[in-house]
Amino acid sequence: QVQLVESGGGLVQPGGSLRLSCEVSGSIVSISGMGWYRQAPGKQRELVAGIVNGGSTVYVETVKGRFTVSFDNRQNTVYLQMNSLKPDDTALYYCKVDGLEGGTNRHFEVWGQGTLVTVSS
């Protein structure tokens, strides 16, 4: 069974930086996409940044130039480097990975448990 474990959230002042990590474990044949989403209080969950087949990256307009998504295939970990953080970035951040599961060759889509990022002075 594929599982995700997130870490790296916390309290940071405006202008500060955080790096979120999402470790992927389990038997995997291939990963077709991975992404970071966030949900602020009273708002819908939105895609913040993602990596799709071929390694292309996508970002929501509000984080372009500040956030960077990456994948370390030796560590099987997805990262979200967040710089120049703003109070509007405050949210619960989730990672999501989808691909083919080993053994069954079935498609999987798995979400992390969420990690809270609070940007405040």
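Above this text is the structure in question.
Residues numbered from 1 in each chain as written. Predicted model: local features only at pLDDT ≥ 70, side-chain atom pairs only at ≥ 80, totals over all residues. Heavy atoms only, no water.

**Brief notes about the overall build of the protein chain**
The secondary structure content of the protein chain amounts to zero helices and 11 strands. The helix and strand sequence of the protein chain, counted from the amino end, reads β-β-β-β-β-β-β-β-β-β-β. Taking 14 Å as the expected radius of gyration for a compact globule of 121 residues, we find that the protein chain reaches 14 Å, a close match to that expectation. Counting only C-alpha atoms, the protein chain reaches 50 × 25 × 25 Å along its principal axes. Taken over 121 residues, the protein chain has a buried fraction of 40%. Residue pairs at least 24 apart in sequence account for 56% of intrachain contacts in the protein chain once pairs closer than 6 positions are excluded. In the protein chain, 10 positive and 10 negative side-chain charges are present, and the distance between their average locations comes to 4 Å. (Helix = DSSP H or I, 4+ residues; strand = E, 2+ residues; numbered from the N terminus. Rg over C-alpha atoms; globule rule 2.2 N^0.38 Å. Buried < 20%, exposed > 50% of the residue type's maximum accessible area, 1.4 Å probe, protein only. Contact = heavy atoms within 4.5 Å. Lys, Arg positive; Asp, Glu negative; His and termini not counted. Charge placed at Lys NZ, Arg CZ, Asp CG, Glu CD.)

**Comments concerning the pattern of salt bridges**
Using the criterion set out here, one finds seven salt bridges in the structure. Residue Glu46 is joined to Arg38 by a salt bridge in which the shortest nitrogen-to-oxygen separation is 2.7 Å. The salt bridge partner of Glu109 is Lys96, with a shortest N-O separation of 3.7 Å. Residue Glu109 is found in strand E10 (residues 107-111), and its partner Lys96 is found in strand E9 (residues 91-101); the two are separated by 13 residues along the sequence. Owing to a relative accessible area of 11%, Lys96 belongs among the buried residues under this scheme. One salt-bridge network, in which partners are shared between bridges, spans Arg38, Glu46, Arg66 and Asp89. (Salt bridge = Lys/Arg side-chain N within 4 Å of Asp/Glu carboxyl O.)

**Here we look at the environment of Asn83**
Inspection of the secondary structure puts Asn83 in the loop between strand E8 (77-82) and E9. A relative accessible area of 30% places Asn83 in the partly exposed class. In the structure, Asn83 is positioned 69 residues away from Pro14 in sequence and 9.6 Å away in space, judged by C-alpha atoms. Here the side chain of Asn83 touches Ser17 through a polar contact of 2.9 Å, side chain to side chain. (Polar contact = N/O pair within 3.5 Å; in protein donor to acceptor, adjacent residues only side chain to side chain.)

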